[in-house]
Amino acid sequence: MGDDSEWMKLPLDQKCEHKLWKARLSGYEEALKIFQKIKDEKSPEWSKFLGLIKKFVTDSNAVVQLKGLEAALVYVENAHVAGKTTGEVVSGVVSKVFNQPKAKAKELGIEICLMYIEIEKGEAVQEELLKGLDSKNPKIVVACIETLRKALSEFGSKIILLKPIIKVLPKLFESREKAIRDEAKLIAVEIYRWIRDALRPPLQNINPVQLKELEEEWVKLPTGAPKPARFLRSQQELEAKLEQQQSAGGDAEGGGDDGDEVPQIDAYELLEAVEILSKLPKDFYDKIEAKKWQERKEALEAVEVLVKNPKLEAGDYADLVKALKKVVGKDTNVMLVALAAKCLTGLAVGLRKKFGQYAGHVVPTILEKFKEKKPQVVQALQEAIDAIFLTTTLQNISEDVLAVMDNKNPTIKQQTSLFIARSFRHCTASTLPKSLLKPFCAALLKHINDSAPEVRDAAFEALGTALKVVGEKAVNPFLADVDKLKLDKIKECSEKVELVHGKKAGLAADKKDFKPVPGRAAASGAAGDKDTKDTSAPKAGPLKKAPAAKPGGPPKKGKPAAQGGTGGAGTKSKKAVEAKEVVEPELSIEVCEEKASAVLPATCIQLLDSSNWKERLACMEEFQKAVELMDRTEMPCQALVRMLAKKPGWKETNFQVMQMKLHIVALIAQKGNFSKTSAQIVLDGLVDKIGDVKCGNNAKEAMTAIAEACVLPWTAEQVMSMAFSQKNPKNQSETLNWLSNAIKEFGFSGLNVKAFISNVKTALAATNPAVRTSAITLLGVMYLYVGPSLRMFFEDEKPALLSQIDAEFEKMQGQNPPAPTRGVSKHSASGTDEGEDGDEPDDGGNDAVDLLPRTEISDKITSELVSKIGDKNWKIRKEGLDEVAAIINEAKFIQPNIGELPTALKGRLNDSNKILVQQTLTILQQLAVAMGPNIKQHVKNLGIPIITVLGDSKNNVRSAALATVNAWAEQTGMKEWLEGEDLSEELKKENPFLRQELLGWLAEKLPTLRSTPTDLTLCVPHLYSCLEDRNGDVRKKAQDALPFFMMHLGYEKMAKATGKLKPTSKDQVLAMLEKAKANMPAKPTAPAKATPKPAGGSAPARSQPASAPVEDSVSGTVDSRPDPKKAKALGVSSKTKTAQGKKVPSKTSLKEDEDKSGPIFIVVPNGKEQRMKDEKGLKVLKWNFTTPRDEYIEQLKTQMSSCVAKWLQDEMFHSDFQHHNKALAVMVDHLESEKEGVIGCLDLILKWVTLRFFDTNTSVLMKTLEYLKLLFTLLSDEEYHLTENEASSFIPYLILKVGEPKDVIRKDVRAILNRMCLVYPASKMFPFIMEGTKSKNSKQRAECLEELGCLVESYGMNVCQPTPGKALKEIAIHIGDRDNAVRNAALNTIVTVYNVYGDQVFKLIGALSEKDMSMLEERIKRSAKRPSAAPVKQVEEKPQRTQSISSNTNMLRKGPAEDMSSKLNQARSMSGHPETAQMVRREFQLDLDEIENDNGTVRCEMPELVQHKLDDIFEPVLIPEPKIRAVSPHFDDMHSNTASTINFIISQVASGDINTSIQALTQIDEVLRQEDKAEAMSGHIDQFLIATFMQLRLIYNTHMADEKLEKDEIIKLYSCIIGNMISLFQIESLAREASTGVLKDLMHGLITLMLDSRIEDLEEGQQVVRSVNLLVVKVLEKSDQTNILSALLVLLQDSLLATASSPKFSELVMKCLWRMVRLLPDTINSINLDRILLDIHIFMKVFPKEKLKQCKSEFPIRTLKTLLHTLCKLKGPKILDHLTMIDNKNESELEAHLCRMMKHSMDQTGSKSDKETEKGASRMDEKSSKAKVNDFLAEIFKKIGSKENTKEGLAELYEYKKKYSDADIEPFLKNSSQFFQSYVERGLRVIEMEREGKGRLPTSAGNTNGEEVGPSVYLERLKILRQRCGLDNTKDERPPLTSLLSKPAVPTVASSTDMLHSKLSQLRESREQQQHSDLDSSQSHSSGPVTSSSSTANIDDLKKRLERIKSSRK
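What counts, and at which threshold
Residues numbered from 1 in each chain as written. Predicted model: local features only at pLDDT ≥ 70, side-chain atom pairs only at ≥ 80, totals over all residues. Heavy atoms only, no water. Salt bridge = Lys/Arg side-chain N within 4 Å of Asp/Glu carboxyl O. Buried < 20%, exposed > 50% of the residue type's maximum accessible area, 1.4 Å probe, protein only. Helix = DSSP H or I, 4+ residues; strand = E, 2+ residues; numbered from the N terminus. Expected span 1.5 Å × (residues − 1). Bend = angle between axes of the 7 residues up to and from the residue. Polar contact = N/O pair within 3.5 Å; in protein donor to acceptor, adjacent residues only side chain to side chain. Axes fitted to C-alpha atoms, helices over the stretch in contact; angles between N-to-C directions. Parallel < 35°, antiparallel > 145°, perpendicular 65-115°, else oblique. Left-handed = near helix turned anticlockwise from the far one by under 90°. Contact = heavy atoms within 4.5 Å. pLDDT = per-residue confidence, 0-100.

> Can you help me understand the pattern of salt bridges in this one?
Pairing between side chains becomes possible if they bear opposite charge and their charged atoms approach one another. Here the structure, examined in full by the defined rule, presents 74 salt bridges. One salt bridge connects Lys975 with Glu979, and the closest N-O pair in it is separated by 2.9 Å. Of the residues examined, Lys975 reaches a relative accessible area of 16% and is grouped as buried. A relative accessible area of 28% places Glu979 in the partly exposed class.

Okay, structure coming up:
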């Protein structure tokens, strides 16, 4: 036992590993207990056992092992970290537990495995179990199978991957061990339960007996869909939900959920692919061409056997397909045709999507072969084409199918329609968009009228299927002309259809829509027109969703189908449009006369052909009246236009009659259901008259109306052909002009470009210059929509003409086509705006390149040409390629069918001759541009081989291949490339060149996509292998691409994919994934995609030069392609610019827009933080160098790649400086719009900028500094603070530039340094600048010293780092510098410090040489003579403070010169706050330093004044004489002494210390509150107001943001400020002294305060806001009316200009203006009208009427009009004499406006009431009717009742009662509560008191109605308050207003006016409290002779004196 006692003392972990089994058993038991006790799954306890769990399960002692397994199970179930042990524990279970004889051990082992699956480790468990299947021990194999079976049974097929299990099943069935075979059978049954018949193919080769047994078991299985019985941890909630449902008895929903999962398993996925190409008979290709059919049959049979394999391995099947296609198409033996068709079926089924690339070649052949009648052939062909359809999309083969639809053979037509019907069944609403449906419906509609019944039936079936798939809403527009019988037949077919996707809801939902259609169509003559068109509209929404969501190319799907099929671009879309038109038969003249006589007066018809023109004119007038009154449904349009065309018709000689006639045509077209039949009758006549001088305009109007009725494409075609069949040049040119205009109005959708181009060419060749000019104008308009590709059609014109065309195109460059204004509503009136216009682009509007006529070149691709390209001799191959290039060049735009060309070119891509490879690439590039988006269908067979070329060893070949791939991707979008396995197969190849180029390409393309096909996951394993490639470049590119893969696939998927890697690789890759996760960019958002679609989709976003805005701002050079490599590659075939001009523009503009439309900075979450961590952890180089080395540049490039747009990065790191300029221009443009991005990448931007500092090019440097100025302004607006990292990697390099020889650069750098102080503390800037003083460059030293001086002056001594002493010593060293400028700078800096710090400076400097000291002393003496000049200069120089200088600033700048000392502060603060400050969002951001500055200057300016002046000032007061002597002389004397004291006190108002400020305000208030003393303030008002609003700014910016400050302190300060102001603005003489500029700033400050949301959150915030409200009213009423009106106008102008300004701000400014307008009648005579009108003139100049109308709010324009209207009303015509101050007033919009007003008022003879005074506050006319009065009063009471407008309402009611004293407002008050009535009365009385100047009304006086609160309550409260403040209740001669406690005992609701009064009283009290309570703030006054007394004594002293002054003055 001794042993026992030893191990029992051991700690648990040692017990578990002890060699004694008892010890281990005890350890496991103990562990089990511990595990059961730990409640928290994340407890750190669990981690201690991580290394032991494997030992628990693999214990060698069976008894101990059982206990270990129990403990392990509990551990796995409860520990958060258990997942880390999965691999080792499960492998332990498999090898050491499953072989145990004890059943209990096996059960526990299985349970542990299942528990690991539950904690989301299914894959690892399954991997270990599958490894166990290879064990030699049958027990282990059986247990592993059993575990897998249980796991599948419990967790379901979604968690347990079936493919690997099914793969090993056949092997298990062959086992010799019966137990294994039985277990295999059980698992096969379980698998069948989940995936049903998908299991049959993989097991088809097992022993038949076993198969039979399985079949028997399978039959017994229940048919219902299985459900998982157990869930993963993350799905446990779902489990709970399921249990609830089951307990409720309805588990239907759960079943439904999982029912969906069953079909997910596809048998195909479970099969192994078989490689068959190598197994083809050697002589196959010879035999298939053999003359004997038997030999051909043998060859085919050999293939048939091979293709029976259900899954084939991918490979190059092109030759095989070609051979089989030849048999199908050409073989005379029908049996072989059927056999070949079967082979194709086998290939299509076995290859699936991989067969898609061959589909296009085979489909037309099979369809044409349907002419065979033999059923077995037909059946084989049907099976083949159906199988092929599943490998591709309807989109891709639509061209071929539509082409066959026009075949004359009825069987082909029938079978094609049936094929379409079957294909539709596989479609859904999203895969069958309108653009695809349209051409198919058009073709099928022809077939339903076919003579052969089988063709008709097949067409009905196809249309019925379409109806079922997409619903009737979508199909109806195309069936508008179908009669009822046929419509019913289609509907009947639709009901029979069974869809593959099981669409049930489709029809049910749409049945409602269907019914009205037959009726509509029947009504063709009448209402049919508009309504039937409308049915297309609603479809826009749902159907477009799917394609629109896809990136890049896909949304354009279907356009090729819409037009390419038949050579004429417009035909297809035209048909669809016609389908919506009113179709009208041509009527005979008799019928027309009869119809016309029914609706026209008889006289009218008789006089139509009268010989007297007057009678004809009269007849026309009657005709017009009749038409105007006619109803749309009754108007016989055709009859009416025929009447007009009756003799003399269009030959009418009298122009008046003719004008009327044309006008009537327009009316009929607008008002009636105008058909094309009617249009044809009149168009000829209209075209004939379009050139007529007098009638031309009417003819154009009529044509536009017809275009609106019969759609523009048709009308334009008719009109053009008519005009050009005439000889009259005037008509031709006017027709072209009309068309140019019409295109702008209607948009470009559906126009037949081909027809136009031929007409335009004719016009360009015309002899008449007007025709040529019009043609060029038309081309310009077309260019807007079609883009640069238009030019290709005119390249063969004469150079002179071509240059004119180019000039026109140049004009249009960068413009967006206007949004269509006509033809929109007409077609989409039924509700959605999108019908015709938003959705139509798919058939041509969106990408107008597709409107261009495309040439069919397949006939030119002859077999000879193809064999030439494949010839053995390279020269002949080259000839072949040259021919192809020539064919494509000549055709310009081609159709997608290019015959055998793809196969031929593909062969040349791996030509041994590299020159030919390059030539082929160039051809493929041309091909992409020529074919446009249709090139999609060749991606698989031609695009992927181009990617293979990226692996070429030659650099130039690779770059050409890359350019080609990009040219293709531009046209196709990325989806086609990423779909399928092709791309992953390429990446799999271990070619370093291929890998790095391909990964680079993906890294560039992926970030631009919003979504990607799931096949992208196939690339991930190869991406991981690239991460560990031997080649460094490949590794780097793979790392760069990683974040973008993750962006689309998500971190989880990527991390999951690492499971298959080796453990070492896995750890490395996971680390990289973590890093990439931090840099992962966000996916591009949807709007970015939408932007390039101008004009409601009627324009071709991608093909037009939408990149022009970027280019223009950059510099518009020709070579603005994004990537230099690509640019070179693009130029491979054509180096000259002209050649580029021909081909490249369309490409580049396409490219650029796609690339450049998105954001330039991609916001990467935590990107910046990660970079800082990397730099701190020395993972990357620290940004520190004397000149930038390559590795720094490379590092920056790498860091930028994840967060800067690729194209911009290429510009930024280009070797040519012009590209840097472009990059900077783009960055400037995006600065405002991408603030987040800029801040996110700020560290990188600044680093890049430092690189530019090392460039030698001045223009780049200037641009860089310009950008930096804007950047730092933005950062300070955003209140951003630079990080240490950003500062240290930027500031030192900026300081280098301060020593530039160019003055202008130095200035800019200084400006930037100044701005930087707003985003980086000046104290931290100081050491950097100090470092700059050590430079060898003397200019740099001097500038740095000057800057140090400025810092000290602006921010005080605290900026000197590390200590003022050390800093000054270093500065002083430079006094002895050999450079004069440096010496001066050093001296000036120390003088600046002296001015702030006094003699102490000498101590700090320490010992100086005698010479230096004497220089310094001399300089100090000199500066003392002009103490304030320097600072003023300084202020003026500081760039950040003089961004824009307004009139008001200039005015004040003159101030300091005249009276330096007294106006210094004023000058400072004013020049410190130029008008632009108001444009900044945080209004007063920039001025903090200014305020600090003021303190500084005050201190050094008049130190002595403080004391002795204070003593002197009150001397006279002590003498008793003043009572006897006259006041004025004595007071004047005092005034002169007082001025400087007041200056000082005022300067303290702006102090940064709240107590100092409050004391100063208290002193000023004392003066202001005594009328006789108040005039001492005269002359100081501006100065005081400036100090006050500076204090307001300081509170707003600093104090409010300061967490440490008590908010009560701030409220107290606000109370003092507002109280002071109210006192000031009650004294009219003083209030009038405030100047315009100061008032403007004051109003700005007050309004900003009212809008400060932070104040409202404070307890007494509401009170403050109300007080401000009252103050604003006072300011408006009492200030000089000219000044305040002028100030408000300037303020409104600024706030409207400032983008950052809130609309609420402008609104409040306007409210103030309205208030002023209301005061105008009383003040008009005191106003300087000339000045006000000048201000209004300037305002109107900045905001012309059009610009004002564009404002979001209508108030600005109404405010302006109201002001002018009131002025006109008050001054009358005399007002025009007051425009003296306006230069060249004739140009002034104001004068014109006033004249109009005067004229208007003269016309009105003045009796009209002025309704629009303020916000509709009408003043009623005496004559206004009673109803009007009631409405008006109701409006007023509504305002009073609303919270916001109550004051306004009361004021209006007061005005109204004053004007109409007898008005009865009783009825309105009668229904309201007693409280409301008393509130109104009280409010009116308050206003009356205010207006009559009887002083303020105490609150209590208002409560006359004796509500709950009586006056006594208030008096009582007042008493308490006064006692609390230490005031005597009896003596105070000026009782303050009644006070409102913050928490009133009785809840009352006071009016806002009462609130204000109470607030004021509070202010008063707080002031008195301050005076009478002990102030223990130990604030000493500013330095100078230091006073012994503390400030408390000082203030007490002052108080006593002021008391004495008071008593003596009484």
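> For this particular structure, what's the right way to read helix 57 (residues 1032-1057)?
The α-helix winds at 3.6 residues per turn, so residues separated by three or four positions along the chain end up facing the same way. A rise of 1.5 Å per residue sets the reference length of helix 57, with its 26 residues, at 38 Å; its end C-alpha atoms lie only 23 Å apart and thus fall more than 12% short of the reference. Gly1050 marks where helix 57 bends most, by close to 105°. Regarding helix 57, its N-cap is Asn1031, as a side-chain oxygen of that residue lies 2.7 Å from the backbone nitrogen of Asp1033 further along.

> For this particular structure, what's the right way to read the packing of helix 42 (residues 753-764) against helix 43 (residues 769-786)?
In a pair of packed helices, the angle between the axes and the distance between the axes together describe the arrangement. Two elements in contact, helix 42 and helix 43, have axes separated by 8 Å at closest approach and are oriented at 150°. Taken together, the axes of helix 42 and helix 43 are roughly antiparallel relative to one another. Judged by the sense of rotation from one axis to the other, the crossing of helix 42 with helix 43 is left-handed. Only Val771, Arg772, Ala775, Ile776, Leu778, Leu779 and Met782 of helix 43 make contact with helix 42, whose side of the interface consists of Val753, Phe756, Val760, Ala763 and Leu764.

> Got a minute to help me understand the packing of helix 43 against helix 44 (residues 799-812) in this structure?
At a minimum axis distance of 9 Å, the contact between helix 43 and helix 44 shows a crossing angle of 40°. Between helix 43 and helix 44, the angle is such that the two are oblique. By crossing handedness, the relation of helix 43 to helix 44 is classed as right-handed. Where helix 43 abuts helix 44, its residues Arg772, Ile776, Thr777, Leu779, Gly780, Val781, Tyr783 and Leu784 lie against Leu801, Gln804, Ile805, Glu808, Phe809 and Met812.

> Is there a simple way to think about the confidence of the model for the protein in this case?
Of the residues in the protein, 76% reach a pLDDT of 70 or more, and the chain-wide mean stands at 75. The model gives residues 1087-1154 a pLDDT under 50, and that stretch makes 168 contacts with residues more than four places away or in other chains. For residues 1930-1953, every residue scores under 50 in pLDDT, and the model assigns this stretch 50 contacts once sequence neighbours within four places are set aside.

> What is the right way to read the environment of Val719 from this model?
Within the secondary structure, Val719 sits in helix 40 (residues 712-725). For Val719 and Leu736, which are 17 residues apart along the polypeptide, the C-alpha to C-alpha distance reads 9.5 Å. Filtering out sequence-adjacent residues up to four positions away, Val719 remains in contact with Leu683, Val687, Met703, Thr735 and Trp738.

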